[in-house]
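# A structural walkthrough
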Amino acid sequence: MWRLRRAAVACEVCQSLVKRSSGIKGSLLLQKLHLVSRSVYHSHHPTLKLQRPQFRTSFHQFSSLANLPLRKLKLSPIKYGYQPRRNFWPARLAARLLKLRYLILGSAVGGGYTAKKTFDQWKDMIPDLSDYKWIVPDIVWEIDEYIDLEKIRKALPNSDDLAKLAPDFDKIVESLSLLKDFFTTGHKLVSEVIGASDLLLLLGSPGETAFRATDHGSESDKHYRKVTDKEKIDQLQEELLHTQLKYQRILERLEKENKELRKLVLQKDDKGIHHRKLKKSLIDMYSEVLDVLSDYDASYNTQDHLPRVVVVGDQSAGKTSVLEMIAQARIFPRGSGEMMTRSPVKVTLSEGPHHVALFKDSSREFDLTKEEDLAALRHEIELRMRKNVKEGCTVSPETISLNVKGPGLQRMVLVDLPGVINTVTSGMAPDTKETIFSISKAYMQNPNAIILCIQDGSVDAERSIVTDLVSQMDPHGRRTIFVLTKVDLAEKNVASPSRIQQIIEGKLFPMKALGYFAVVTGKGNSSESIEAIREYEEEFFQNSKLLKTSMLKAHQVTTRNLSLAVSDCFWKMVRESVEQQADSFKATRFNLETEWKNNYPRLRELDRNELFEKAKNEILDEVISLSQVTPKHWEEILQQSLWERVSTHVIENIYLPAAQTMNSGTFNTTVDIKLKQWTDKQLPNKAVEVAWETLQEEFSRFMTEPKGKEHDDIFDKLKEAVKEESIKRHKWNDFAEDSLRVIQHNALEDRSISDKQQWDAAIYFMEEALQARLKDTENAIENMIGPDWKKRWLYWKNRTQEQFVHNETKNELEKMLKCNEEHPAYLASDEITTVRKNLESRGVEVDPSLIKDTWHQVYRRHFLKTALNHCNLCRRGFYYYQRHFVDSELECNDVVLFWRIQRMLAITANTLRQQLTNTEVRRLEKNVKEVLEDFAEDSEKKVKLLTGKRVQLAEDLKKVREIQEKLDAFIEALHQEK
């Protein structure tokens, strides 16, 4: 009965095994499994099921290379159960067959599944190439119309189907355990089973399950197996490192080939081979938004939260070198220990068929593959930095915008800031350190700015300044990427390599970061090429202990991985925040438009540039209106202005000395000599000055006089500045004085008065001149002697002591003139002494200089009154003039003098008028145009001259509209790319 019961149970077990083994070729006959199955599936024997550990995946946020997970090998213990007392040779044969079958099937199926699983992992590690979809020909994306890819994909087996083909290894282990218990005397068979389990351990399984057979052996055997496992782990780690490096090289080769392909496609598009027109890239659109924001508010008072990568670091920490490695060109000026970055540089990286660089405000392209263009670019950047730095400063907050395009460049916007310093050295402004801190904080306080913190690995971490600053701006490290430069020097010089690991992990700094990277930026030679630096960097990390000892992961090294990580983080931040920023600017635009409607409902929204163009047109129209001034008006104002300028010289230096002579011959001789000297030295110059001043006055009158309702006082400051600058630049024609001198000399030599009308005009001109001079003299005397008796009585005014002395001196001199009315213009020494003694006799102390000053005014009044009386006598003297005053006591040579002066003034005014209308007005118009062009290029000048709430409001409204439009276009393009 016992035998029959065991046979029945064994048959049921065999049938279940056949069902489980369906689909596997070469299944074992039930007869051969009968005895074995009796023991394997006996209900009284305990069984053991091995627990399969879960898959562990290692995913790094910033990595171009995912690490293959290391499998920990765990052997499950085998529990011993019921052991039969008899040995059967059929059971031994069945055990051998069972072992061989599962070894073959386990190796084949398990190895195939492991290979497919590894392939799937590698496929997931390949970077997303969806960004490059736009350069692939359209026919590639239409291939699904001709081939049913979905049908082919469904026909392929998946991982679940392959898993079903694998045997139940738990049952295998259970069977082997029971076989060992059943065949107690088959020690050799047990050893073979243990050997089979070790073989499966080496082959591996998809579920990371391994066999481990143990017995009650000695402790030395256990120790031997532990050592073997450790060696296997080390070997697997080394193989993994080599596999990662191999994959890195393969990926770089693929990217290089892809770069060349994209370059060819872009070049064909440039040549017009493809009809599909390339749109402006996303990064270029985004960079334009940042440029508009920079122009709108350089001080960052606006809530500008658009993402950008801000590169900060201590001076000489390697910021510039990291940027150049990312841009793949040595584009920045260099200096040994000298501060080279003196203002922020915004670098926009984008893809293009050629490796070129260009500035935002320039059309010149610098070919970055040519050394001469690289040198010119570095020189231009240095010049722009020095131009931005104001006098007395070392750094400037003004941003230089640079675009770098090239095949394979990661798309992003980086801002290189001046290096943070600890001490202000000689030659720097005293506030340099504080200015650099304020500039850095202005960029880093943007909550969406990605902070690329550069730290020199070759110096002590405690000497770092920038880490404290970054920790203040981003205490939780949610947008900070830490980069350790010069790792080759650090590994060579640092005594403890674990210190580098502590720096990378942020244990030596009071800061947290989103990711940590280690890079090598060359051997310190400024002439090294980017390709040479890249090769040196790869060679260093391949042989570095930092990777071999797992202090650094493969995704944490090389500037290439850093560039990929920063680009991924940048675009992630852009996608998360750009729509929110667009809504913010929409609200700002609404507020500004509402304010404009309430304050300026009837005015157009003209910004500063538009207002300048309007003012420019008005100024040019006013300059042109100068040509519409009539010749008569020009000559009248020129003649009047010239006489006012020369009248004092004519009366004091020519007429008065000549009138002191005794006869007409001497009078005419003196007049001719003085007129000749005056014409040769002073008169032409004075005439040109008068003409230029007259032109200025007319120009100012046209520009400043109100134009009625159309007048806009917002242009007054600008017009005044243009007028002053134009006048300053204008110079009269040098040949005008020479030609004018000849004309004036000829006019003064003519003494022939042709008719009575000219004679009367000369007398009228003489009377007006003498009366005007007499009036000025009377006022001077009145100011000298003080109020007369009438004003003293009526207005209660008194004389000062000095005025009293002048009055007494005047009375004494008038007495002397009454005694000698033909007294000459100068007092003799004895006359001065006589006057002083007479005054002293009345108790008045007088200085001789005071007597001379008083005499000058008293004698001039006496002379002018005498000349006016003589002028009245000459009104009827034209008849005697025609007879040359022969047989006549009347001599009117002074009338002839004033006629000559009058004629000279008329001819000079006519000549100057011709020069004005024919030459100078046009030259002034040209100067005005030049000044306006200079002002148009000087933004600071326009801001200074066109000011006010209205201008600022219109300026803000235009900029906000422009920013919003560009943001909307960028967001639309971003959605289309998705």
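Presented here is an overview of the structure given in this document. This is a predicted model, so every value here is computed, not measured. (Residues numbered from 1 in each chain as written. Predicted model: local features only at pLDDT ≥ 70, side-chain atom pairs only at ≥ 80, totals over all residues. Heavy atoms only, no water.)

A few words now on the state of the cysteines. Each disulfide is one covalent bond, formed between the sulfur atoms of two cysteines. Across all of its chains, the model carries one disulfide by this definition. Here cysteine 874 is linked by a disulfide to cysteine 892, with a sulfur-sulfur distance of 2.0 Å. An S-S torsion of about -100° defines the bridge between cysteine 874 and cysteine 892 as left-handed. Within this pair, whereas cysteine 874 is found in the loop between helix H30 (848-873) and helix H31 (878-882), its partner cysteine 892 is found in the loop between H31 and helix H32 (893-937), the two being separated by 18 residues in sequence. On the accessibility criterion, cysteine 874 (0% relative accessible area) is buried. (Disulfide = S-S within 2.5 Å. Helix = DSSP H or I, 4+ residues; strand = E, 2+ residues; numbered from the N terminus. Buried < 20%, exposed > 50% of the residue type's maximum accessible area, 1.4 Å probe, protein only.)

What follows deals with a negative patch on the surface. Residues Glu398, Glu930, Glu933, Glu937, Asp938 and Glu940 make up a contiguous surface patch of negative charge. In terms of residues, the negative patch owes the most to one element, H32, which gives three residues. Take glutamate 933: its relative accessible area is 47%, and that puts it in the partly exposed class. (Patch = residues over 30% accessible without salt bridge, like charges linked within 9 Å, V, L, I, M, F, W, Y side chains within 5 Å. Areas by Shrake-Rupley, 256 points an atom, 1.4 Å probe, with all protein chains shown as cover. Salt bridge = Lys/Arg side-chain N within 4 Å of Asp/Glu carboxyl O. Lys, Arg positive; Asp, Glu negative; His and termini not counted. Charge placed at Lys NZ, Arg CZ, Asp CG, Glu CD.)

Let us now look at the nonpolar core. Counting residues in hydrophobic clusters, the biggest one holds 100 residues, and the most contacted among them are Trp643, Tyr655, Trp678, Trp759, Ile901 and Val928. Per element, the largest residue contribution to this core is 17 residues, and it comes from H32. Formed by 68 residues, the second largest nonpolar core is a distinct cluster that contains Leu282, Ala565, Trp596 and Leu967. (Core = buried A, V, L, I, M, F, W, Y, C linked by side-chain atoms within 4.5 Å.)

Interaxial distance between helix H23 (residues 683-704) and helix H24 (residues 716-729) falls to 11 Å at its minimum, and their mutual angle equals 165°. In terms of orientation, H23 and H24 fall into the roughly antiparallel class. Once H23 is placed against H24, the crossing between them reads as right-handed. Contacts between H23 and H24 involve Trp692, Gln696, Phe699, Ser700, Met703 and Thr704 on the former and, on the latter, Lys719, Glu720, Lys723 and Ile727. Here the contact of H23 with H24 is composed, by residue class, of four nonpolar, three polar and three charged. (Axes fitted to C-alpha atoms, helices over the stretch in contact; angles between N-to-C directions. Parallel < 35°, antiparallel > 145°, perpendicular 65-115°, else oblique. Left-handed = near helix turned anticlockwise from the far one by under 90°. Contact = heavy atoms within 4.5 Å. Nonpolar A, V, L, I, M, F, W, Y, C, P; charged D, E, K, R; others polar.)

Where burial is concerned, most of strand S6 (residues 412-416) is hidden: five out of the five residues are buried. In the sheet, strand S1 (residues 309-313) pairs with S6 via three bridges, with the strands oriented parallel. What sits directly across from valine 309, in S6, is leucine 414. With five bridges connecting them, strand S2 (residues 345-350) and S6 associate as antiparallel partners. What sits directly across from threonine 348, in S6, is valine 413. (Pairing = 2+ DSSP bridges.)

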